[in-house]
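Results of the structural survey
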Amino acid sequence: MAKKQKEEPMVNINGTEHKISDLTEEQLALVNHVADLENKMRSAKFNVEQLEGGHAYFMDKLDGTFSDK
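Conventions we followed
- Residues numbered from 1 in each chain as written.
- Predicted model: local features only at pLDDT ≥ 70, side-chain atom pairs only at ≥ 80, totals over all residues.
- Heavy atoms only, no water.
- 1 Å grid on protein atoms, 1.4 Å probe; cavity = no way out; pocket = protein on both sides within 12 Å on 5 of 7 lines; lining within 4 Å.
- Points joined across faces, edges and corners; volume = space filled by probe spheres on them.
- Helix = DSSP H or I, 4+ residues; strand = E, 2+ residues; numbered from the N terminus.
- Nonpolar A, V, L, I, M, F, W, Y, C, P; charged D, E, K, R; others polar.
- Phe/Tyr/Trp six-rings, centres within 6.5 Å; stacked < 30°, edge-to-face > 60°.
- Buried < 20%, exposed > 50% of the residue type's maximum accessible area, 1.4 Å probe, protein only.
- Pairing = 2+ DSSP bridges.

Our focus in this paragraph is the layout of surface pockets. The volume enclosed by the largest pocket comes to roughly 150 Å³. Together, Val11, Asn12, Ile13, Gln27, Leu30, Val31, Val34, Ala35 and Glu38 line the largest pocket. Those elements that provide at least two residues to the lining of the largest pocket are strand S1 (10-13) and helix H1 (25-67). Tallied by class, the residues present in the lining of the largest pocket amount to six nonpolar, two polar and one charged.

Shown next as structure tokens:
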């Protein structure tokens, strides 16, 4: 029975695939920084969407207080 070979972890940098094992410590640290920053940017965009939705909700409520009179 043939053993299944594990695929080596890869990272795509500007359209080029690189083996994680081929990266230097500095390159690996930079890859981790970029990945962390991308996660933080996604989270920040999500938070902005929530803030905009909340702002719109409260502005609508505030506007409604003037039209009721």
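Attention now moves to the environment of glutamate 38. In this structure, glutamate 38 sits in helix H1. Residues glutamate 38 and threonine 65, 27 residues apart in the sequence, show an inter-C-alpha distance of 41 Å.

Per the stated rule, a full pass over the model turns up one aromatic pair. Measuring from centroid to centroid gives 5.0 Å for tyrosine 57 and phenylalanine 58, while their planes differ by 80 degrees, and the two rings are edge-to-face. Relative accessible area serves as the criterion here: at 46%, tyrosine 57 is assigned to the partly exposed category.

So, on to the pairing of strand S2 (residues 16-19). Here S1 pairs with S2 via four bridges, running antiparallel. If you follow valine 11 over to S2, its bridge partner there is histidine 18. What sits between S1 and S2 in their antiparallel hairpin is a turn of two residues, with asparagine 14 showing a positive phi close to 50 degrees.

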